[in-house]
Amino acid sequence: MKIAIAGATGLTGEVLLSILPKSRLSDAELVLLASSSSAGKVLENEAGTHQIQELRDGCFEDVDLAFFAVGDALSAEFVPQALEAGAKVVDKSNAFRLEEGVPLVVAGVNDDDIGSARLVANPNCTTIGFAHAVAPLRQFGIEEVVAASYQSLSGAGRESVNHFWAEAGKALQGEPSAYSESAAAALQVIPAIDQLIGDEHKEETKLRLESAKILGLDAERIYNTAVRVPVLVGHCIAIHLRVSGPVDESRVRAALAGNPTLLVLQTGETPTSFHAIQYPNRVIVGRIRVRDGGGCIELFTVSDNLHIGAALNGLLIAEQLVL
Ligand SMILES: NC(=O)c1ccc[n+]([C@@H]2O[C@H](COP(=O)([O-])OP(=O)(O)OC[C@H]3O[C@@H](n4cnc5c(N)ncnc54)[C@H](OP(=O)(O)O)[C@@H]3O)[C@@H](O)[C@H]2O)c1
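Participant: Quick rundown of the site of the ligand? Include the residues and the values.
Facilitator: Residues in contact with the ligand amount to 28 residues; listed here are only the nearest, Gly-10, Thr-12, Ser-35, Ser-38 and Gly-157. Only helix H1 (11-19), helix H4 (158-172) and helix H8 (307-322) provide two or more residues apiece to the shell around the ligand. At three residues, H1 tops the list of elements feeding residues into the shell around the ligand. A class-by-class count of the residues in the shell around the ligand yields ten nonpolar, 15 polar and three charged.

So this is what it looks like as structure tokens:
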């Protein structure tokens, strides 16, 4: 089998390359694709060394499966070419997530949606952690979601991480750090991720609409404030669910125990972004509280945005697509 990775030199592509040799697709021949400035460079993983080729017209000939870990515009241009060439595709960008007929899948949550599709979209990194934790709680009748997501720098790609390191020295000296929409300011907390449309940033819209598509929730009753925080890896979400209830904490814990991807902490144990580094393949849930006479559930989730939130989810989808 021949597998292409478009965006192999990026943060997500790099993680995918590192976990592929441990997967059920480990025997595949790899075609690594990136921009013309990376063409000719060599990347290494457990399976060997691989030379980068330029992502360009005609590069998906004989490819059975293509992962896309590039920006929206490149996916919009090249995913149709890969499909046309006969490949199955897992796309990590935002380009096709809400398109009708394209399954948007969190592996282990809504795998049945894959059906006979040849293109499957991988959700936003925050949506994946959210969906794992909230899916088992739908049995309590979710009426409203209020969330605040604390999202790491790597969620915005390599440029954002590089920007952080370039600015961190200045920030530690007490100088103001430059800030742009795509790269958070070093050592600052900024409740604005991506473009503001109306009163909602695009990152907030993604969680709302993607969660509605994956979990069947009412998109009009999901509210999120997405905050960029100066953490390198690991997205956290404070989630408040209004349910038709009433529930108690033991029923909430029993429901969460049904999802093997979740690592549920005990009362008194504090979930921190460090848990994402320790358990990159899990979604960690803690601070579980039931309030308002059993009508509200509160949780705090932590997940590695590059592993379970991107590369690993894509790989688990791919295994179902081609094996
Ligand atoms: N980071 C996350 O936590 C995360 C999570 C879920 C989904 N995603 C999505 O995954 C995708 C990749 O994100 P990322 O964070 O991995 O981005 P990234 O670190 O910025 O990497 C971008 C990749 O795109 C390639 N690229 C850029 N311009 C190109 C061009 N003109 N032609 C061919 N390749 C080009 C880059 O190649 P060069 O190195 O040659 O420039 C690099 O391999 C995005 O759609 C993102 O929304 C990211």
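After that view of the structure, there is still more to cover.
Participant: Let's hear about the packing of H1 against H8: which residues, and what values?
Facilitator: Put simply, H1 and H8 touch, their axes get as near as 9 Å, and they point 50° apart. Taken together, H1 and H8 sit at an angle that is classed as oblique. As H1 packs across H8, the resulting crossing turns out to be right-handed. In contact with Thr-12, Val-15, Leu-16 and Ile-19 of H1, H8 contributes His-307, Ala-310, Ala-311, Leu-312, Gly-314 and Leu-315. Here the contact of H1 with H8 is built from residues that sort into seven nonpolar, three polar and no charged.

Participant: Could you give me a rundown of the packing of helix H3 (residues 125-134) against H8, with the residues and numbers involved?
Facilitator: It is the contact of H3 with H8, at a shortest axis distance of 8 Å, that shows an interaxial angle of 90°. Taken as axis vectors, H3 and H8 run roughly perpendicular relative to one another. Contact with H3, carried on its side by Cys-125, Ile-128 and Gly-129, involves Ile-308, Gly-309, Ala-310 and Asn-313 of H8 and no other residues of that element. The residue inventory of the contact of H3 with H8, partitioned by class, reads four nonpolar, three polar and no charged.

Participant: Give a description of the pairing of strand S14 (residues 283-291) that names residues and reports values.
Facilitator: In the case of a regular strand, side chains alternate between the two sheet surfaces. Judged from the three bridges that link them, strand S13 (residues 262-264) and S14 form a sheet pairing that is parallel. Along S14, the bridge assignment pairs Leu-262 with Val-283. Note that S14 and strand S15 (residues 296-303) share seven bridges and pair antiparallel. Each residue of the ladder has a partner; that of Val-290, found in S15, is Ile-297. Linkage of S14 to S15, two consecutive antiparallel strands, is achieved through a turn of four residues, within which Asp-292 is found at a positive phi near 55°.

Participant: How would you sum up helix H2 (residues 72-84)? Please name residues and give values.
Facilitator: Look at H2: 19 Å from first C-alpha to last across 13 residues, which is about the 18 Å you get at 1.5 Å a residue. The sharpest bend along H2 measures roughly 30° and falls at Phe-78, with the proline Pro-80 sitting one to four residues further on. Looking only at H2, the buried set comprises Ser-75, Phe-78, Val-79 and Ala-82. Of the surrounding secondary structure, the elements contacted by the buried residues of H2 are strand S1 (2-6), strand S5 (65-68), strand S6 (88-91) and strand S7 (119-121). Trailing H2 by a residue or two, Gly-86 shows a phi angle of about 105°, which is positive.

Participant: Could you give an account of the domain arrangement of the chain, naming the residues involved and the relevant values?
Facilitator: Parsing the chain into structural domains produces domain 1 (2-123 + 310-322) and domain 2 (128-304). Relative to domain 2, the C-alpha centre of domain 1 lies at a distance of 25 Å. Tallying the contact residues gives 13 residues for domain 1 and 15 residues for domain 2. Residues belonging to the side of domain 1 that touches domain 2 are distributed by class as follows: seven nonpolar, five polar and one charged.

Participant: Tell me what's going on with the nonpolar core, and back it up with residues and numbers.
Facilitator: By size, the foremost hydrophobic cluster in this structure holds 94 residues, and its most contacted members are Ile-5, Ala-6 and Ala-66. The element best represented in this core is H8, accounting for nine residues. In terms of domain composition, this core takes at least three residues from each of domain 1 (2-123 + 310-322) and domain 2 (128-304). For Ala-6, the contacting residues outside a window of four places in its chain are Leu-33, Leu-55, Ala-66, Phe-67, Phe-68, Ala-69, Val-70 and Phe-78.

Participant: Lay out the sheet that holds S5 in plain terms, naming residues and giving numbers.
Facilitator: Pairing between sheet strands relies on hydrogen bonds along the backbone, with the strands arranged either parallel or antiparallel. An order of S3-S4-S2-S1-S5-S6-S7 is seen for the seven strands of this open sheet, with the pairing classed as mixed. Of all strands in the sheet, those bounded by a partner on one side alone are strand S3 (42-45) and S7. Averaged over all adjacent pairs, the angle separating strand axes in this sheet is 25°, with direction ignored. Pairing between S3 and strand S4 (residues 48-54): four bridges, direction antiparallel.

Reading the values: the criteria
Residues numbered from 1 in each chain as written. Predicted model: local features only at pLDDT ≥ 70, side-chain atom pairs only at ≥ 80, totals over all residues. Near = placed C-beta within 6 Å. Helix = DSSP H or I, 4+ residues; strand = E, 2+ residues; numbered from the N terminus. Nonpolar A, V, L, I, M, F, W, Y, C, P; charged D, E, K, R; others polar. Axes fitted to C-alpha atoms, helices over the stretch in contact; angles between N-to-C directions. Parallel < 35°, antiparallel > 145°, perpendicular 65-115°, else oblique. Left-handed = near helix turned anticlockwise from the far one by under 90°. Contact = placed C-beta atoms within 7 Å. Pairing = 2+ DSSP bridges. Expected span 1.5 Å × (residues − 1). Bend = angle between axes of the 7 residues up to and from the residue. Buried ≥ 20, exposed ≤ 12 C-beta atoms within 10 Å, placed from the backbone. Domains from an automatic or database assignment. Core = buried A, V, L, I, M, F, W, Y, C linked by C-beta atoms within 7 Å.

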